[in-house]
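# Understanding the architecture of this molecule
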Amino acid sequence: MDNFVKTLIMALVVLGVWACESEYKAPNELKDLGWLVGHSDPIEDTMYVSIGNSVSFLDLSQGAESHIWSVTSGNYFLNEGFDSDGNLYEAIKSKDTITSNPSAHILFAQLGSARVRFYNTFSDSVTKIETMNIGTSTIADSTGTVFDSELDLWVMDTTFYFRVFDTLKASFKVVHGTETILSVGPDEFPLGNPVEWDTLTVEEGEELTFIDQSDQGNPTGRLWKLRGGMVTSDTDESVTVSYSDLGYNVAGNIRVERKGRFNDIPLPEDSVVKVIPLVVKVVESTEPINYQEEIALCPNGKIRILLEVSVDDFMDQEEFFSVSYTNPHRGVTTQVDVPVTSVSLVAGKGNLIEISVEDPLYNDDDILVTYDGGSIRKRQRKLQYFTDILVSTPSNIELNSIVFGFEGNNIDWEYNSTALSDGNHVEASNEQVSAGNSSLKIISNSAPGWKKVFSPIGIDDFYRWTSGTYNYTIRVYVDDRIGINKVYQRVFNGVVDGDERSYNNNGYRLLNQLIRLDDVDPGDIVSGWTFLSSSIDLETDPVENGFHLTFEVAPNSVGTLYIDEINLVNENNRP
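Just so you know, these numbers come straight off a predicted model, no measurement behind them. Counting starts from 1 at the beginning of each chain's written sequence and moves along it residue by residue. Local features are withheld for residues below a pLDDT of 70 in this predicted model, meaning they are given only at 70 or higher, and side-chain atom pairs are given and counted only at 80 or more; totals for whole chains, interfaces and linings count all residues. The basis for the side-chain values is all heavy atoms of the structure; hydrogens and waters are excluded.

Now for the overall build of the protein chain. What the protein chain contains, in helices and strands, is two helices and 47 strands. In the protein chain, the proportion of contacts linking residues at least 24 apart, taken out of those at least 6 apart, comes to 73%. Carbon and sulfur atoms provide 44% of the accessible area of the protein chain, an area that totals close to 28200 Å². Every helix listed is a DSSP run of H or I at least four residues long, and every strand listed is a run of E at least two residues long, numbered separately from the N terminus. We call two residues in contact when some of their heavy atoms are within 4.5 Å. Throughout, the Shrake-Rupley method with a 1.4 Å probe supplies accessible areas, and for residues the shown protein chains are the sole cover considered.

What follows is the structure in structure tokens.
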């Protein structure tokens, strides 16, 4: 026989793209398929598929002596022309695990690992052109048959590997205090009629904890939709709702999802939504209203009290507050009363009381404030009286240590996009540390143009921050700053003009340009670190979600810079 090469075309396809079967409905799409098929050695890549789903294979080889499809036990071949939208189990052809049909439609009904083997024999060697359709793309490769001397035939033997995932199901529980008040398992499907659900009565401000216990089907995440109050998160495994909406509230639902990739292979996407069969009746609290955290003296000289809930508008409450101070640093050892001139809510903040006094108070004063019971309330709940509470002063206010102390090696600072494209880098590092466990490491190359490093929003306790004069401090490691002689620090503060934000420097108002490293005196460098400080004036109260810091590295600077312990403090001591 003349030597020749036969061409075998073996396509792993969805039958929906098989032109000869124009009326055929595809069982599923191959959008999750992720490997090149048909090697003579077993294929190591694995496709993930959900139980109860099918995948269709088609052998278009020409001139084969025999062809066989086989599948591991517990999975089934389906009849030709089966309805992919129907009950696939009713379309099972037989319980045989082998077929000689050119096409193989396989229902995966067994959890765990599964294998599909494609075995063809030929009288002569052939070259195989392998193709695979993934969405609108086609991938192709070629290989040859292997001669089997015992059969005296040429063999094409390929195995496809699958992992079969279980059906995704949701389960959860609801906890009130230490008591589990509701538990819904994976095989429970609550009715959607709230009239038939249990009702739990809670007081305003009470909390419920919702815990996702889903396990079946290898879920990768969830989305809570909860009603009636403030939710700590909508994606965490365990979330808490603090209820504030008086009346009857349907608890909500949970959506459990499986998506993304595992071992760099796409997971079979799936999701399931399950209602939480609970009605939460919120009634007025019988507990008094308390203040939260510390009572604070702000840089504008006023005292602010943050309450746990918003209260009704009020007036004429000055007589119920008293303020006094001592200052041992200045020889004031007996309490000095300071007349209260006004008590009001901060505009737009129903839970933030601001107290103005007649005489100035200073950061080194020991200030006491008392409320002896007026008419500040929310409906029937009254503000709890308190006596001689020590006021926290601005010098105690610190920026978020994770964001501005770079702790935890988990930061969100970033270069501007232009600098990133030039190979610059910013990260939390423990290589050089002034305090704590890590600092901000800035790597600058020789690319032209200023490289800007932006901070995320990071000022905690916004109720404490007001207009005023602050001392800005920072520590910089300068030993390793080869060629970096100009790094400017900018502080930006967003300002609000009516309902629209008005900015004048890349979206934020530029407050000050502070630090230039080539002005550092070598004598001020200790163990590689220098302490830098500067004064900064905030003309308006900082805008929540509108305050950030930016470092700007000069053009053509090359080297590595470390920054740590950024802080803003208001140092206003009694003269």
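Back to the write-up after that little detour.
This part takes up the sheet that holds strand β25 (residues 296–297). One open sheet accounts for four strands, arranged β25-β26-β30-β29; its pairing is antiparallel. Two strands lie at the open edges of the sheet, namely β25 and β29 (340–345), each paired on one side alone. Examined bridge by bridge, β29 and strand β30 (residues 352–357) share five bridges and lie antiparallel to one another. Paired with Ser-342 across the strands is Ser-356, a residue of β30. Should DSSP find at least two bridges between two strands, the strands are regarded as paired.

Attention now moves to the confidence of the model for the protein chain. Here the protein chain averages 77 in pLDDT, while 71% of its residues score no lower than 70. A residue's pLDDT is the predictor's confidence in that residue, given on a scale from 0 to 100. Here residues 1–44 is modelled with pLDDT under 50, and outside its nearest four sequence neighbours on either side it reaches 129 contacts, counting other chains as well. In this model, residues 129–142 is a region of pLDDT below 50 whose contacts with residues beyond four sequence positions or in other chains number 46 contacts.

Time to look at the pairing of strand β21 (residues 247–258). The sheet contact formed by strand β18 (residues 221–226) and β21 spans six bridges and is antiparallel. The partner of Leu-223 across the bridge, within β21, is Arg-255. As paired strands, β21 and strand β24 (residues 270–283) are joined by eleven bridges and run antiparallel to one another. Bridge pairing in β24 places Gly-247 opposite Val-282.

Take the buried Ala, Val, Leu, Ile, Met, Phe, Trp, Tyr and Cys residues and link them wherever side-chain atoms come within 4.5 Å; each set so joined is a nonpolar core. Buried means the residue's accessible area, taken with a 1.4 Å probe over protein chains only, is under 20% of the maximum for its type, while exposed means over 50%, and partly exposed covers the values in between. Judged by nonpolar contacts, the single largest core of 27 residues is most densely connected at Phe-321, Ile-353, Ile-355 and Leu-361. Elements with a minimum of two residues in this core: β26 (303–306), β27 (321–327), β28 (332–338), β29, β30 and β31 (366–371). Counting residues in each nonpolar core, the second largest holds 23 residues, with Val-174, Val-202, Val-239 and Val-282 among its members.

Strand order in the open sheet made by the five strands is β15-β14-β17-β20-β19, with antiparallel pairing throughout. For this open sheet the edge positions go to β15 (179–184) and β19 (229–231), each flanked by a neighbour on one side alone. Going from strand to strand, the sheet's axes swing by 20° on average, the running direction of each strand aside. Axis lines are fitted to C-alpha atoms, over the contacting stretch for helices. Their N-to-C directions set the angle, which ranges from 0 to 180 degrees.

Here we take up the packing of aromatic side chains. Stacked, tilted and edge-to-face are the three classes applied to pairs of Phe, Tyr and Trp rings, where Trp contributes its six-membered ring and a pair requires centres within 6.5 Å; stacked means planes under 30 degrees apart, edge-to-face means over 60, and tilted covers the rest. Counting across every chain of the model gives 14 aromatic pairs. With a centroid separation of 4.8 Å and 40° between ring planes, the pair formed by Trp-69 and Phe-118 is classed as tilted. With a gap of 49 residues between them, Trp-69 in strand β4 (residues 66–71) and Phe-118 in strand β9 (residues 112–122) connect regions that are remote in the sequence. Like Trp-69, the residue Phe-118 is buried in the burial classification. When the ring of Phe-108 is compared with that of Phe-162, the centres are 4.6 Å apart and the planes differ by 40°; the resulting orientation is tilted. Of the two residues, Phe-108 is situated in the loop between β8 (103–107) and β9 and Phe-162 in strand β13 (residues 153–165); the sequence distance between them amounts to 54 residues. Given a relative accessible area of 2%, Phe-162 falls into the buried group. Note that Lys-274 overlies the ring of Phe-189, its terminal NZ or CZ placed 4.8 Å from the centroid. Put simply, a charge is over a ring when the Lys NZ or the Arg CZ is close to the ring centre, within 6 Å, and near the line of the ring normal, within 35 degrees.

Right, let's get into unusual backbone geometry. The backbone phi angle of Asn-218 is positive, close to 55°, even though this residue is not glycine. Structurally, the position occupied by Asn-218 is in the loop between β17 (207–212) and β18. In this model, Asp-316 sits at a positive phi of 60°, which is unusual for a non-glycine residue. Of note, Asp-316 is situated in the loop between β26 and β27. For Asp-316, a relative accessible area of 52% gives the class exposed.

Moving on: the side chain of Lys-274. Within the fold, Lys-274 resides in strand β24. Counting rule applied: Lys, Arg positive; Asp, Glu negative; His and chain ends not counted. A side-chain nitrogen of Lys or Arg and a carboxyl oxygen of Asp or Glu constitute a salt bridge if their distance falls within 4 Å. For the buried Lys-274, no salt bridge is present, and the opposite-charge side chain at shortest range is Glu-188, 6.9 Å distant. By the criterion applied in these results, polar contacts are pairs of N or O atoms within 3.5 Å in which, for protein atoms, one can donate a hydrogen and the other can accept it, and in which residues neighboring in sequence qualify only through two side-chain atoms. From its side chain, Lys-274 meets the backbone oxygen of Gly-185 in a polar contact 3.0 Å long. In contact with Lys-274, not counting residues within four places along its chain, are Ala-170, Phe-172, Val-184, Gly-185, Pro-186, Glu-188, Phe-189, Pro-190, Asn-253 and Ile-254.

Here the focus is the environment of Gly-192. Among the secondary structure elements, Gly-192 is positioned in the loop between β15 and β16 (198–203). Judged by its relative accessible area of 63%, Gly-192 is exposed. Along the backbone, Gly-192 and Lys-274 are 82 residues apart, and their C-alpha atoms lie at a distance of 9.4 Å.

Our focus in this paragraph is the pattern of salt bridges. Using the criterion set out here, one finds 16 salt bridges in the structure. Linked through salt bridges whose partners overlap, the residues forming this network are Glu-204, Glu-284, Lys-378 and Arg-379.

This brings us to the pairing of strand β14 (residues 172–176). Here β14 runs beside β17; their pairing, made up of four bridges, is antiparallel. Its bridge partner lying in β17, Val-175 is registered against Thr-209. Summarising the sheet, β14 and β15 pair through five bridges and their orientation is antiparallel. Looking across to β15, one finds that Val-175 is bridged to Thr-180. Counting the residues between successive antiparallel strands, the hairpin from β14 to β15 contains two residues, one of them, Gly-177, with a positive phi of roughly 70°.

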